[in-house]
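Residue-level structure breakdown
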Amino acid sequence: MNTPLLSINDLHVQVNNTEILRGLNLTVNQGEIHAIMGPNGSGKSTLAKVIAGHPSYHITQGSIKLNGSEITELEPEVRAHLGVFLAFQYPIEIPGVSNTDFLRLAYNCKRKANNLPELDPLSFFQLISDKLKIIGMDTKFLGRNVNEGFSGGEKKKNEILQMAILNPAISILDETDSGLDIDALRIIADGINHFFTEKQGMILITHYQRLLDYIKPDFIHVIDQGQIQYTGDATLAKQLEQSGYDLLKLKV
């Protein structure tokens, strides 16, 4: 029997006094991959940001639990230390900060918060080198500033590298497939599959079935009007590809 990892109960969320999520419920167990699909403006990215603790999103009702512990009111950095990871749809550039410094600082901050010894630069380089190979990144990326001058595919690879280094309990990937060509998509999907373990959970937010050709979800949920309206298995994505979100009308 799988262990509940992330539990979201009756979640209501407002942004600028407009309610976006209206009583959303979701449970992700260890070892499960959940795909979230739905029309534009349905609440997919809002859900991702709320789980991560974005301060612009106001929870008016409901709860979010990680490994049975309430995280609804915790600061984003505390959630990150507990194992919440969000890969952004549009990763930002951080001028003046090298990838290696950024990654090592993030890694050591998490270890320190969990009472584990920090790694020195040489030990960290050995740790990261093997992960670079898996996602097809050259070590020269470590010396470059975070995402500065990176292509869309390189930025997404960098997000997956961060995920691999931080080894989160729950990963939320917000449209990781956005803007990728087929080769970059395959490499990134292979990396995600390689780094995912049975002790982790994952939420994939996507508009397209093509990502799910490479990463097979245990469940696909369709969000509309701030709630999960429909849940199916991996075959649901193909049905949506054919019929669009008219499928929601069949539920009524």
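Provided above is the structure to which this section pertains.
About the cut-offs
- Residues numbered from 1 in each chain as written.
- Predicted model: local features only at pLDDT ≥ 70, side-chain atom pairs only at ≥ 80, totals over all residues.
- Heavy atoms only, no water.
- Helix = DSSP H or I, 4+ residues; strand = E, 2+ residues; numbered from the N terminus.
- Expected span 1.5 Å × (residues − 1).
- Buried < 20%, exposed > 50% of the residue type's maximum accessible area, 1.4 Å probe, protein only.
- Pairing = 2+ DSSP bridges.
- Axes fitted to C-alpha atoms, helices over the stretch in contact; angles between N-to-C directions.
- Contact = heavy atoms within 4.5 Å.

**Regarding helix 5 (residues 152–166)**
With 15 residues, helix 5 should reach 21 Å at 1.5 Å per residue; the first-to-last C-alpha distance of 22 Å fits that figure. Burial within helix 5 is extensive, with 12 of its 15 residues counted as buried. Within helix 5, burial applies to Gly-153, Lys-155, Lys-156, Lys-157, Asn-158, Glu-159, Ile-160, Leu-161, Gln-162, Met-163, Ala-164 and Ile-165. Looking one or two residues beyond helix 5, the residue adopting positive phi is Asn-167, at roughly 50°.

**Section: the sheet that holds strand 9 (residues 170–174)**
Across the sheet, 6 strands lie side by side as 6-9-10-3-11-12; this open sheet has mixed pairing. Edge strands, defined here as strands with exactly one partner in the open sheet, are strand 6 (84–87) and strand 12 (227–232). For this sheet the average axis-to-axis angle between neighbouring strands, irrespective of direction, equals 20°. Alignment of strand 9 against strand 10 (residues 201–205), held across 5 bridges, turns out to be parallel. In the sheet register, Ser-171 faces strand 10, and the bridge partner there is Met-202. Where helix 5 meets the sheet, its contacts fall on strand 6, strand 9 and strand 10, and the angle it forms with strand 6 comes to roughly 170°.

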